[in-house]
Structure formats: C-alpha cells, structure tokens
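# Analysis of the macromolecular model
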Amino acid sequence: MKNRNRIRAIAILSAMLLLLTLLAAACGQPSGTPPASTPGTDTEAPSNSAPAPDAASEEPLTVVFAQNADPTNIDPHKVCGDHGANIHRQITEPLTKFDENWVLQPWLAESWENPSDTEWIFHLKEGIFFTDGEPFNAEAVVYNLDRGASTEFPRQAMEYRDVYDHSEAVDEYTVKVYLTAPCAIFPQYMSDMEVLSPAYAEKVGEEGSNSDICGTGPYILESWVPDQQITLVKNENYWRGEPEVDTFIVKNIPEESTMIAELMNGTVDVVSNISFEYKDMLEGSSIAHTAAKLERRVLYIGFNTTSWTPNPQLLDVRVRQAINYAVDRQALIDNIMGGYGKKLASFWREDFVPYDASLESYYDYNPEKARELLAEAGYADGFDITIQSHTGTTSKQHEICQAVAKYLEDVGIRCTVEPVEYNTMRGIIINGQSQEKTAGMFCWSWAGKPGLTDSWLTGIVKSDGMSSYNCIEGYDELCDQILAIGDPEDRADLYMEIQKKLIEDPPYLYQWQAEAIYGVSTRIDWEPNAFMYIEAFDMHAAK
C-alpha cells in the first residue's frame, strides 16, 4: 500500500509539473502561414505551422505529425523502429497487408497460391509504377526479396528470411518463391516486406537508402532536415487514388510538453504516445481531442544474462523470479499509466494461440516471496544493479523505471536508473551485444502481428536475436523446435511449453501490453489504426 500511494503521489506531482510547463509554452502565438518550400532540397528551413483549418477551402492540405525522435534510417529492410516506419510506410508498400481486423488482404500482390509445401506463387497487380517512373513488376519483387533476406548488410528481423531460399520472375507479373522448409504463413510474412524501386535503390546505394527511398506508395520524400523535420509530398499518380493530404510533415519534438503546446497552438495536428494527464485538458478544448488504441507492442525490462553481464546475480533463476514478484505491475498501470495498458502473464499476448490464461496471476505482487527467494539465492542483503531507461516508442518509461527501482529497493536490491537518449539506446541494444554496453537491466519493447510469434522468438528470446541478451539455458533449443514447424497450428504443444518456461525461468521483468494515447487536431478527421504507425493516406480534413 505504501508503494501504491507513493507511485500515485509521484504521478500527480508529475502531472502538475507537466501542465505548468504546458501552460507556459502555450502562451506563445501561432507563427502564421508557413513559407513556401522548395521541392527537392534537404536544407530548407522547416515551417512552423500548418495552414489555417478550413475544411471547405480549396487550399492544399498540410498535416503536421510530431514524434519524439528522428528516425535512425527509413530503409524498410533495415532496423528503423516505429519512428522510421512512420516515414517509409508512406513511401513503400508490401505485397500483402492486414486490415483493421487483422485479416490478410492483397496489396501489391493480387493473389497467391501454394503449389507445394516449399513453393509460393504471387500474382502481382498490373499497371503500378514507382514514383521514379520505373514499373512495378516481378523483377522488382525478386530484387526486394533478395535484398531483404541479405546477410551482407544489417537487416530488419524479417521473419521470411529464415525459410527463404530464392525467387524468380516467371513472367512480368508472376513471382515464384522457393523455401528451405514448409511455411504455411509465408503470405503473412510478406506484409512486412516492403518494395523499393530497384533502380533507385541501386542509384543511391546501401548507405544512401538510409535517408532516401522510392516506392509505389502515396507519398514521395521531398526533404529531411536532420533532428527537425521530414517533408513528404503526395504522389498524384498513386494507384489507389490521389491522397487528400497534399503535404505530410513529420516533426521531431523530443519534449512532450512542447508537443502538446504546438498541438494547442495549431502548429501540429497529431502527436503520439502522450501521457494520460493531458487527456482531460485536450478533450475539454475546441482545438484537439484524444484517441487511444491498444497496441501490439509489449513492454518489458530485460535481464542481461550474457557471459559478460555486469550482474552475474541474474544468472540465478531465483533472483529473476524475485524481481518479478517484487514489482506491482497493476499499480504501475493504474497510477503511472492512468489505466492505459493491459497486464499479461509474460510478453505472450492473447492473440498468440494457444494462450495460457492460468499463468496470468503467477507473478502477482508478493514482496515477501521476493525477499525469500533472494535469501535462498544468497542475496539477503541485496546487491547493486542499473536499469537503462529511455523515452522512445512509449510514454513514461523513465517514471516506470524509477518506480521499479523503488520496488526493488524495498526488497533489498539497490537500483540506479540510467536515462539514455532513445537513438543512443537503440545503438546499445539492437545488434549491440559485441559492444558490451548493456546494463544488468534495460527497458525495451517488442511488437508483432497477431498470431505471428517468430519475430519474438528470433528477435528477443534466442541468444543471437538482434535485441536479445538472453543466454538462459534451454531457450535456443525450444525456439529452434518451434521454428522448425511451418504451420503455427502444429506448434500448439510447444507454444504451451514456452509460455510456461517464460514464467518459471524468466528472461525479463514483465510489464504490459501498451495502449497509446494520441492527441489529434479537430481540423483533422483521423483515428489511429491497430498497426502502431501513422498513415497519412487515411487522414482527411474535418467536415
């Protein structure tokens, strides 16, 4: 009870400070109509405001979206996170795509078939062009499949890569894919394989594609002023129809209070991952409102159990169990997140079938149990540990880590929270194992599509995963057994087994499934989708 009251008091005090900061920032006046831009330049000064709201006007519609960090890159085949996806998803498109109900739909592919266990044939839509004028065709898809699966350069955790052998263009609009093993869900994997213009990708080169890409999508990259803003202009010849938003600007605004102030001033139209304390104020205004969406992202604090971990205490399962018992996750959800978040047993979401609901209460708050386990492990007097924290894809990570530190101190673990800038944190965690800069504990998150567990297993559970610091015995073998089975329906027994292992031998301090809150200008008609990234094509002027 003492911790609950303390957390609630901290949350209320933080809210008051945030609102005072906001009110001070909001006293400034909007800067007026933005200056005319010069297309094709990357050094132009960013505009400071959107056009005056007038749904009936014939004026071009500009929408400004604010996020709290600049992308590290925008190449869809590389690791670029949500901040990068908010850019490349406007420019490039996949062969298949999930709809709002998570039903797979044709996109650049018209249809597909499975002539054998290790072959897939994709029939492509005709008459589509990349925005550099090059045709979208089978050769382009083969190029992108090979590029996305390349091991020569750093790549995103593409789920198809583990079963992809090669592909060929059967004719101009037919691609045949050959696999190394059966994979019943290969079309689902294609929803993450976005298609670049091969000619443009070759022109700018591997490094150039970090900041300059060309696709078939509704928008074209016009300029990128690092750490300030990225400007996209509509593709007037987009195959699904001309977008209503003429210019889509993505501003980098690290401070949440500044984001909110700009939203209230009318210089920003959409902001993401805002704190719940702002909700009443925005809803009570005529300028903006809020929209919340349960994401497919799950938050956790990782345990570094590598051979070089700064905390060898974590190699003892009893210590990792004790840490999970020591933290009241529901109190954190209620008091710091304002109830926005869904407590799970581990990172295993309910849409990962089968889901073992009996495990949900396993780590209910039990500080006495935590102290007993620490004593059994030989740490009755506790030990020192550091949690690396960041504010990137989700709100309030610093506050969460500070609260976790308080819980751990109550059971004898002396905890220091080390705030790390988000892109610096990405450089430490993602493929950073050889740097050995990761602390004993680190806050992180992972996301994936419904029912698709492979990226979780290969990305954060297996010891060689891109964001994995889990070297606990038995996980690699169990993951390999699961991944060797191509049809998820045939994995049911192993899925139940790994859920149990995630609880009994935890590689993380589990948190919850994230629920994001967006602030949206009343001049824009838009609701967040289930996919966590922004799509400007879905935005319209409010009527």
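One can find the structure itself at the top, above this paragraph.
In what follows, the accompanying structure is described. (Residues numbered from 1 in each chain as written. Predicted model: local features only at pLDDT ≥ 70, side-chain atom pairs only at ≥ 80, totals over all residues. Heavy atoms only, no water.)

## Let's talk about the overall build of the chain
Cut-off, in case you're wondering: Each helix is a run of DSSP H or I of at least 4 residues and each strand a run of E of at least 2, with the numbering of both proceeding from the N terminus. Residue burial is assigned from relative accessible area. The probe radius is 1.4 Å, only protein chains are included, and a residue is buried under 20% of its type maximum, exposed over 50%, and partly exposed in between. Working rule for contacts: check all heavy atoms of both residues, and any pair within 4.5 Å makes them a contact. We get accessible surface area from the Shrake-Rupley algorithm with a probe of 1.4 Å; when it comes to residues, only the shown protein chains can shield them.
For the chain, the count of helices and strands is 15 helices and 21 strands. Here the chain, with 543 residues, has 58% of them falling under the buried criterion. Here the analysis covers contacts within the chain between residues at least 6 apart in sequence; of these, 69% occur between residues at least 24 apart. Summing over all exposed atoms, the chain offers an accessible surface of approximately 21400 Å²; the carbon and sulfur share of this is 49%.

## Description of the pattern of salt bridges
So the rule is basically this: Each salt bridge in this description consists of a side-chain nitrogen of Lys or Arg and a carboxyl oxygen of Asp or Glu lying within 4 Å of one another.
Within the structure shown, the criterion is met by 26 salt bridges. The residue K176 makes a salt bridge to E119 at a minimum N-O spacing of 3.5 Å. Taken together, the positions of K176 in strand β8 (residues 174–179) and E119 in strand β6 (residues 119–124) put the pair 57 residues apart, joining distant regions of the chain. When sorted by exposure, K176 lands in the same class as E119, which is buried. One salt bridge connects D505 with R320, and the closest N-O pair in it is separated by 2.8 Å. Placement of the pair is D505 in the loop between α15 (492–504) and β19 (508–521) and R320 in helix α8 (residues 317–326), with a sequence separation of 185 residues. What makes R320 buried here is its relative accessible area of 2%. Three or more residues joined by partner-sharing salt bridges are found here, namely D75, K78, R147 and E206.

## A short note on a negative patch on the surface
Let me state the cut-off plainly: Patch criteria: residues need more than 30% relative accessible area and no salt bridge. Like-charged residues are merged within 9 Å; nonpolar side chains of Val, Leu, Ile, Met, Phe, Trp and Tyr are merged within 5 Å. As used throughout, the charge tally considers Lys and Arg to be positive and Asp and Glu to be negative, leaving His and the chain termini uncounted. One atom stands in for each charge, and that atom is NZ of Lys, CZ of Arg, CG of Asp or CD of Glu.
On the surface, E110, E126, D171 and E172 cluster together into a patch of negative charge. In this fold, D171 is placed in strand β7 (residues 164–171). According to the relative accessible area criterion, D171 is partly exposed, its value standing at 42%.

## Quick word on helix α5 (residues 198–208)
Just so we agree on the cut-off: Picture the helix axis, draw a direction to every C-beta atom, and the arc is the one those directions span.
For α5, the set of buried residues is P198, Y200, A201, E206 and G208. End-on view of α5: buried residues confined to an arc of 150°, all on one side of the axis. Along α5, exposed side chains directed more than 90 degrees from the buried face belong to E202 and K203.

## Regarding the packing of aromatic side chains
For the record, the criterion: Two aromatic rings from Phe, Tyr or Trp, using only the six-membered ring of Trp, form a pair when their centres are within 6.5 Å; if the ring planes differ by under 30 degrees the pair is stacked, by over 60 it is edge-to-face, and anything between is tilted. Here, a charge over a ring is recorded when the distance from Lys NZ or Arg CZ to the ring centre is within 6 Å and its angle to the ring normal is within 35 degrees.
In total, this model carries 27 aromatic pairs according to the counting rule given. The interplanar angle of 70° and the centroid separation of 5.5 Å between the aromatic rings of Y379 and F383 together place this pair among those described as edge-to-face. F383 sits in the buried class, given a relative accessible area of 4%. Of the aromatic side chains, those joined through ring pairs into one cluster are Y300, F347, W348, F352, W456, Y495, Y508 and Y510. Sitting over the face of the ring of W107, K97 holds its NZ or CZ atom 4.4 Å from the ring centroid.

## Details of the pairing of strand β11 (residues 229–234)
Successive residues of a regular strand alternate their side chains across the two faces of the sheet. As a reminder of what qualifies: If DSSP finds at least two bridges between two strands, the strands pair.
Within β11, five of the six residues are buried, which leaves the element mostly enclosed by the surrounding structure. In this structure, strand β10 (residues 219–225) lies alongside β11, joined through six bridges in antiparallel fashion. Residue pairing across strands places L221 opposite L232, the latter belonging to β11. Hairpin connection, β10 to β11: the antiparallel pair is bridged by three residues, and D227 has positive phi, about 65°. Taken together, the five bridges between β11 and strand β12 (residues 247–252) define a ladder with antiparallel strand orientation. Its bridge partner lying in β12, L232 is registered against F248.

## Some remarks on the sheet that holds β6
Strands pair in a sheet through their backbones, by hydrogen bonds, and they do so in one of two ways: parallel or antiparallel. Counted only if it meets this: For helices, the axis comes from a line fit to the C-alpha atoms of the stretch in contact; other axes are also lines fit to C-alpha atoms, and the angle between any two N-to-C directions lies between 0 and 180 degrees.
The four strands lie next to each other as β5-β6-β8-β7, forming an open sheet whose pairing is antiparallel. Here the strands that pair on one side only, and so sit at the sheet edges, are β5 (109–116) and β7. For this sheet the average axis-to-axis angle between neighbouring strands, irrespective of direction, equals 20°. Across five bridges, β6 lies against β8 in antiparallel orientation. Within β8, the residue paired with I121 across the bridge is K176. In the packing of helix α3 (residues 138–148) onto the sheet, the strands contacted are β6, β7 and β8, and the crossing angle to β7 comes to about 170°.

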